[in-house]
Amino acid sequence: MTHHNRLHRLTGSLVLSAFMSMALSGVFTLLEFGVSWTWLRTWGQSILIALPIAFALDMILGDTLRAFAGGLADKAAKAWP
């Protein structure tokens, strides 16, 4: 794997895991607390927990899951009239 490819993968994993961590922790804490200062504080804490977990999972399983999703998309495209 070249330096450019590694940097591309790390950047993609960081952006994806950051977005998903912020979005999902924001939604679930909003459902629990409603719009309040408690929600904002809890959301911030949740991001700090979720981001490293999401990043690690993406680095470990990301290529496999992307290949699986690509295979499913190919099958769906072939089956589509």
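Residues numbered from 1 in each chain as written. Predicted model: local features only at pLDDT ≥ 70, side-chain atom pairs only at ≥ 80, totals over all residues. Heavy atoms only, no water.

Colleague: I'm lost on the overall build of the protein chain in this one. Help?
Modeller: Helices and strands together make up the secondary structure of the protein chain, namely two helices and zero strands. The C-alpha atoms of the protein chain give 17 Å as radius of gyration, which overshoots the globular expectation for 81 residues (12 Å, by more than 25%). Across the 81 residues in the protein chain, those meeting the buried criterion constitute 15%. Excluding contacts between residues fewer than 6 apart, the proportion of contacts in the protein chain whose partners are at least 24 apart in sequence is 59%. With an accessible surface of roughly 6,400 Å², the protein chain has 76% of that area assigned to carbon and sulfur atoms. Mean positive and mean negative side-chain charge positions of the protein chain (6 and 4 charges, respectively) differ by 5 Å. (Helix = DSSP H or I, 4+ residues; strand = E, 2+ residues; numbered from the N terminus. Rg over C-alpha atoms; globule rule 2.2 N^0.38 Å. Buried < 20%, exposed > 50% of the residue type's maximum accessible area, 1.4 Å probe, protein only. Contact = heavy atoms within 4.5 Å. Areas by Shrake-Rupley, 256 points an atom, 1.4 Å probe, with all protein chains shown as cover. Lys, Arg positive; Asp, Glu negative; His and termini not counted. Charge placed at Lys NZ, Arg CZ, Asp CG, Glu CD.)

Colleague: When you look at a nonpolar patch on the surface in this model, what are you seeing that I'm missing?
Modeller: Residues Leu16, Phe19, Met20, Leu24, Val27, Phe28 and Leu31 make up a contiguous nonpolar surface patch of roughly 700 Å² in combined accessible area. With respect to the secondary-structure elements, Phe19 resides in helix α1 (residues 3–33). (Patch = residues over 30% accessible without salt bridge, like charges linked within 9 Å, V, L, I, M, F, W, Y side chains within 5 Å. Salt bridge = Lys/Arg side-chain N within 4 Å of Asp/Glu carboxyl O.)

Colleague: Help me understand the pattern of salt bridges, please; the structure alone is not making it clear to me.
Modeller: Oppositely charged side chains can form a pair if their charged atoms are brought close together. Taken as a whole and assessed by the stated rule, the structure comprises two salt bridges. Note that Asp63 and Arg9 form a salt bridge whose closest N and O atoms lie 3.5 Å from each other. You can see Asp63 sitting in helix α2 (residues 37–79) and its partner Arg9 sitting in helix α1, a full 54 residues away along the chain. Among the ionic pairs, Arg66 bridges to Asp58, the shortest N-O distance being 3.4 Å.

Colleague: When you look at the side chain of Thr29 in this model, what are you seeing that I'm missing?
Modeller: Looking at the secondary structure, you find Thr29 in helix α1. Thr29 gets classed as buried once you look at its relative accessible area, which sits at 8%. Reaching out from Thr29, the side chain makes a polar contact with the backbone oxygen of Gly26 at a distance of 3.3 Å. Residues in contact with Thr29, not counting those within four places in the same chain, are Gly34, Trp39, Thr42, Trp43 and Ser46. (Polar contact = N/O pair within 3.5 Å; in protein donor to acceptor, adjacent residues only side chain to side chain.)

Colleague: I'm lost on α1 in this one. Help?
Modeller: Residues that lie three or four places apart on an α-helix share one face, since the helix turns once every 3.6 residues. Its 31 residues give α1 an end-to-end C-alpha distance of 44 Å, which sits within 8% of 45 Å, the value for a rise of 1.5 Å per residue. Among the residues of α1, those classed as buried are Ser13, Ser17, Ser21, Ser25, Gly26 and Thr29. Contacts made by the buried residues of α1 are with α2. Once α1 ends, the next one or two residues include Gly34, with phi positive near 70°. (Expected span 1.5 Å × (residues − 1).)

Colleague: Any chance you could explain the packing of α1 against α2 here in plain terms?
Modeller: Axis angle and axis distance: for two packed helices, these are the angle between their axes and the distance between the axes, and together they describe the pair. Two elements in contact, α1 and α2, have axes whose closest approach is 6 Å; the angle formed by their N-to-C orientations is 140°. With respect to α2, the element α1 is oriented oblique. The hand of the α1/α2 crossing is right-handed. Partitioned by chemical class, the residues of the contact of α1 with α2 number 16 nonpolar, nine polar and four charged. (Axes fitted to C-alpha atoms, helices over the stretch in contact; angles between N-to-C directions. Parallel < 35°, antiparallel > 145°, perpendicular 65-115°, else oblique. Left-handed = near helix turned anticlockwise from the far one by under 90°. Nonpolar A, V, L, I, M, F, W, Y, C, P; charged D, E, K, R; others polar.)

All we've got here are geometric facts, nothing functional implied.
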